[in-house]
Amino acid sequence: MADTTTADLSPPAENDERELPKMTFLEHLEELRKRLLVSIIALGVAFLACWNFADRIFAELSIPLSKFLPPGEKLVFTRLTEPFMLYMKVAFFAGIFIAAPVILWQLWLFIAPGLYKRERSYAAPFIIIASLFFILGGWFGWRVLLPGTCSFFLETGKQFRQMIKADEFFSFASTIILATGLVFETPILIFFLARLGIVTPAFLMQKFKYAIVLAFIIAAVVTPTPDMVTQTALALPMIGLYALGIGISYVFGKKVT
């Protein structure tokens, strides 16, 4: 009887540290709805904050193109409502970057119950680093990729008179900027995969050559120009981010016992 009591008083296993709440499927859906609602509200507030500056934001966004246009040449619109709709899209686009920390915070709150206590202390670093990488990726797309892409297409069509529509350029530019912002989240993705034990440093090192090929494939898809200079300008940072992810998986990856 004494032995049984001693066994019952033994410390809990490390896996019990999760202290997962027993949530039903509907409760998980309710939690997801709550996080999505907060994210949408944050995005709406950011949209309203950017609305009054939409024309200035678009002016900055179009610099990679306008600097290659002949003096006095401007972007055009063909429908009366186009400028209004364009500025709405611009405000929403800028709002995504401003609201990114709140959206990432809600994502963390949604997955936090499935993490260990020690892992939950990563909340602030995760939100800060993930937001910085997303913004840095967007800046890289605007400052590095977009000018080269605009230069290539304008040079290709130099024998014609360009009449570039403002909304078409915005769609083109926003796609590149958002794509590079998401690509720069690669180390964050590797962090979660490593914590879940899905990938290990050895596995990532073994697949490094495939990661290089994949980086150039993604660069070819994201950058609409066929020139290797622009594609390499994106592929090299992606390879560097993958290498950073290997280091992250080594430090924070799930330890195999």
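Refer to the structure printed above.
The sections below set out a description of the structure shown in this document. (Residues numbered from 1 in each chain as written. Predicted model: local features only at pLDDT ≥ 70, side-chain atom pairs only at ≥ 80, totals over all residues. Heavy atoms only, no water.)

With that out of the way, let us pick up the packing of aromatic side chains. Counted by the stated rule, this structure contains 14 aromatic pairs. Geometrically, the ring pair formed by Phe191 and Phe192 is edge-to-face, given 5.3 Å between the ring centres and 75° between the ring planes. Phe192 shares its class with Phe191; the two are buried. Ring-pair connections join several aromatic residues into one group, and the members of that group are Phe93, Phe97, Phe134 and Phe170. (Phe/Tyr/Trp six-rings, centres within 6.5 Å; stacked < 30°, edge-to-face > 60°. Buried < 20%, exposed > 50% of the residue type's maximum accessible area, 1.4 Å probe, protein only.)

All right, on to the side chain of Gln106 then. Topologically, Gln106 is positioned in helix α5 (residues 82-111). Given the relative accessible area of 3%, Gln106 is considered buried. (Helix = DSSP H or I, 4+ residues; strand = E, 2+ residues; numbered from the N terminus.)

Taken N-terminus to C-terminus, the directions of helix α7 (residues 123-156) and helix α9 (residues 186-195) make an angle of 145°; their axes are 9 Å apart at the nearest point. Residues Phe126, Ile129, Ala130 and Phe133 of α7 form the contact with α9, whose participating residues are Pro187, Ile188 and Phe192. Class assignment for the residues of the contact of α7 with α9 results in seven nonpolar, no polar and no charged. (Axes fitted to C-alpha atoms, helices over the stretch in contact; angles between N-to-C directions. Contact = heavy atoms within 4.5 Å. Nonpolar A, V, L, I, M, F, W, Y, C, P; charged D, E, K, R; others polar.)

Quick look at the pattern of salt bridges now. Taken as a whole, this structure holds six salt bridges when the rule is applied. We note a salt bridge from Lys34 to Glu31, for which the minimum N-O separation is 3.8 Å. Separated by three residues within a single helix, Lys34 and Glu31 lie in helix α2 (residues 25-51), roughly one turn from each other. Residue Glu31 is classed as buried on the basis of its relative accessible area, which comes to 16%. (Salt bridge = Lys/Arg side-chain N within 4 Å of Asp/Glu carboxyl O.)

Turning to the nonpolar core, a few remarks are in order. What tends to happen in soluble globular proteins is that the nonpolar side chains get buried as a cluster. Membership of the largest hydrophobic core comes to 34 residues, with the highest contact counts inside it found for Phe58, Phe169, Phe170 and Leu234. Those elements that provide at least two residues to this core are α3 (54-61), α5, α7, α8 (166-183), α11 (208-222) and α12 (228-252). In terms of residue count, α8 provides more of this core than any other element does, eight residues in total. Sequence-distant contacts of Phe170, that is, excluding residues within four places in its chain, are made with Phe58, Leu61, Leu86, Lys89, Val90 and Phe93. Membership of the second largest hydrophobic core comes to 12 residues, among which are Ala123, Phe126, Ile127 and Ile248. (Core = buried A, V, L, I, M, F, W, Y, C linked by side-chain atoms within 4.5 Å.)

On to α2, then. Given a rise of 1.5 Å per residue, 27 residues ought to cover 39 Å, and the 39 Å separating the end C-alpha atoms of α2 matches this to within 8%. Considered for burial, the residues of α2 that qualify are Glu31, Arg35, Ser39, Ala42, Leu43, Ala46, Phe47 and Cys50. In this structure, the buried residues of α2 make contact with α3 and α5. (Expected span 1.5 Å × (residues − 1).)

The topology assignment puts Ala194 in helix α9. Exposure remark for Ala194: the relative accessible area of 2% places this residue in the buried category. A C-alpha to C-alpha distance of 4.4 Å links Ala194 and Gly253, two positions 59 residues apart in sequence.

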